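What follows is each chain in one-letter form.
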Amino acid sequence: MRSRVNRFIETRFGNVFPERRVFLRSDNETRFIRLTPLTQITALGGLALIMSWAAISTSILLMDSIGSGNVRAQVQREQENYEDRLNRLALERDMRAEEASAAQERFNLALQQISVMQTQLLGSEDRRRELETGLTVVQDTLRRAMTERDTAAERAQAMEAALKGEGGSAAIPMGSEVNGAVDALTVALSETAAERDAKAQEARDAMVQADEIAMQLKLMRDQNDRVFRQLEEAMTVSVEPLNKMFRSAGMNPDAIINQIRNRYSGQGGPLMPLSFGPEEEQHTHEIDRANRLLEQLDMLNIYRMAAEKAPFAVPVKSAFRFTSGFGIRRDPKTGGRRMHAGVDFAGPTGTPLYATADGVVIHAGWASGYGRLVKIQHEFGIETRYAHLSKLNVTVGQRVSRGDRIGDMGASGRVTGVHLHYEVRVGGKAVNPMVYIKAANDVF
């Protein structure tokens, strides 16, 4: 078989690759190496393979080098775009923070105005009741005066009739007895007439006073209507944004209101009857408006309490960079992809960190991966976590309020740099903290 191959190669390629001999001469002898066409073809093929491999390898290296340069340039551009976007977000965050502060001041001012208006409303209601009571007294006095006036008029008429009857009778008494009777009747008539005139004047004065009181009541009702309208507008401006804030955060406002009312439901004290005078039916509309306002004020207070107990705040008040969001991301250490259950705020070591809502500390210590970790349990099944701290300022079981300093930013645990890892969990399940932060920014 081998000899056939050799013969075939010599026949086909003998002219191109003739047999050659390479002589090797030494002092004592001469040797040669015979290079058959098969050997030459094999050597040439090996050399061609080596050169092809070298060319392909060089091309691959050049292409990889060019590609790596393009990738690095692209990564650099993306990094610059990312940093520019972060800077814009930081500027927007600062603007939002300023707007939130201004809105909070406006909100507090509105609450103060509502309190003043409520005080004025209660005062005007007391004044109205006093005026109604005075009007009732005046009306009673007027009726009594008119009754007495009619009685006096009847008495005067009866005396005049009696006097006329005695003057026309056949048996008229003579002398001092008649004169005494006439004088007595004259005095009685004068007193009756004077009393009648006094009662009539008193009745006229009472009518004038009643008209003045009625005008004051009308003015008071107009003022009450203006106060009601201002209070209703203030309630609409204050309550509706809070309702929207809770709905934007995925929280049911009705369930929150019921929970707060059930928890803060203490009542007591003697029951006093509420009376608005004899014209109570005329004020039913005002009573309904006042009750609606009181209900809205109660709802506003409930929303205020609920907002303090939910994490509608940013845990970092100093300057920071938002370095990582919620969701799937590339692991900076392993390069793999994993779920990031919170958001990261980067800043200098020792940056103060604050509780985002009222609650109770349920963990304050070291945790694998988290480093120094603080967990706070809030109302409505909400829990917040603050990880990688350099210092802890709270202990387990301690009650904290929104804005209380709970620790300092650090780089403990599994990290690549100094930052705060902030989580919000509802019913044990991680949710995006920016939902709560954005919902509050849209309102405040």
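Parameters and conventions
Residues numbered from 1 in each chain as written. Predicted model: local features only at pLDDT ≥ 70, side-chain atom pairs only at ≥ 80, totals over all residues. Heavy atoms only, no water. Helix = DSSP H or I, 4+ residues; strand = E, 2+ residues; numbered from the N terminus. Buried < 20%, exposed > 50% of the residue type's maximum accessible area, 1.4 Å probe, protein only. Contact = heavy atoms within 4.5 Å. Areas by Shrake-Rupley, 256 points an atom, 1.4 Å probe, with all protein chains shown as cover. Polar contact = N/O pair within 3.5 Å; in protein donor to acceptor, adjacent residues only side chain to side chain. Patch = residues over 30% accessible without salt bridge, like charges linked within 9 Å, V, L, I, M, F, W, Y side chains within 5 Å. Salt bridge = Lys/Arg side-chain N within 4 Å of Asp/Glu carboxyl O. Phe/Tyr/Trp six-rings, centres within 6.5 Å; stacked < 30°, edge-to-face > 60°. Lys NZ or Arg CZ within 6 Å of the ring centre and 35° of its normal.

A. Seen up close, the overall build of the protein. When helices and strands are counted, the protein shows six helices and 14 strands. The proportion of buried residues among the 444 residues of the protein is 30%. By sequence separation, contacts in the protein at least 24 residues apart represent 69% of the contacts at least 6 residues apart. About 28,200 Å² of surface is accessible on the protein, with carbon and sulfur atoms providing 55% of the total.

B. Just the side chain of D344, in detail. Of note, D344 is situated in strand β6 (residues 343-346). Side chain to side chain, D344 and H421 meet in a polar contact 3.1 Å long. Non-local contacts of D344, meaning those with residues more than four positions away in its chain, are made with R321, F322, T323, S324, R329, H419, L420 and H421.

C. Representation of a nonpolar patch on the surface in the model. A contiguous nonpolar surface patch, about 240 Å² in accessible area, is contributed by V22, L24 and I33. Turning to its location among the elements, I33 is positioned in strand β2 (residues 30-35). Residue classification places I33 among the partly exposed positions, given a relative accessible area of 43%.

D. Main features of unusual backbone geometry. One non-glycine residue, F380, lies in positive phi territory at about 65°. Mapped onto the fold, F380 is located in the loop between β9 (371-377) and β10 (382-392). Residue class for F380 comes out buried when judged on its relative accessible area of 17%. Residue H388 is not a glycine yet carries a positive backbone phi of 70°.

E. Structural detail: the pattern of salt bridges. For the structure shown, the criterion picks out four salt bridges. With its nearest N and O atoms 4.0 Å apart, the salt bridge here joins R385 to E423. One end of the pair, R385, is in strand β10; the other, E423, is in strand β13 (residues 419-426), with 38 residues separating them in the sequence. One connected set of salt bridges, linked through shared partners, spans E383, R385, E423 and R425.

F. A look at the packing of aromatic side chains. Within the structure shown, the criterion is met by five aromatic pairs. Judged by centre distance (6.5 Å) and plane angle (55°), the rings of F345 and Y422 are tilted. Highlighted residues: F345 in strand β6 and Y422 in strand β13, separated in sequence by 77 residues. Classification of Y422 by relative accessible area gives buried; the value is 0%. Aromatic pair Y386 and Y422: ring centres 5.4 Å apart, planes at 40°, arrangement tilted. Of this pair, Y386 sits in strand β10 while Y422 sits in strand β13, placing them 36 residues apart in sequence. Taken together, the ring pairs connect F320, F322, F345, Y386 and Y422 into an aromatic cluster. Stacked on the ring of Y354, the Lys or Arg K317 has its end atom at 4.5 Å from the ring centre.

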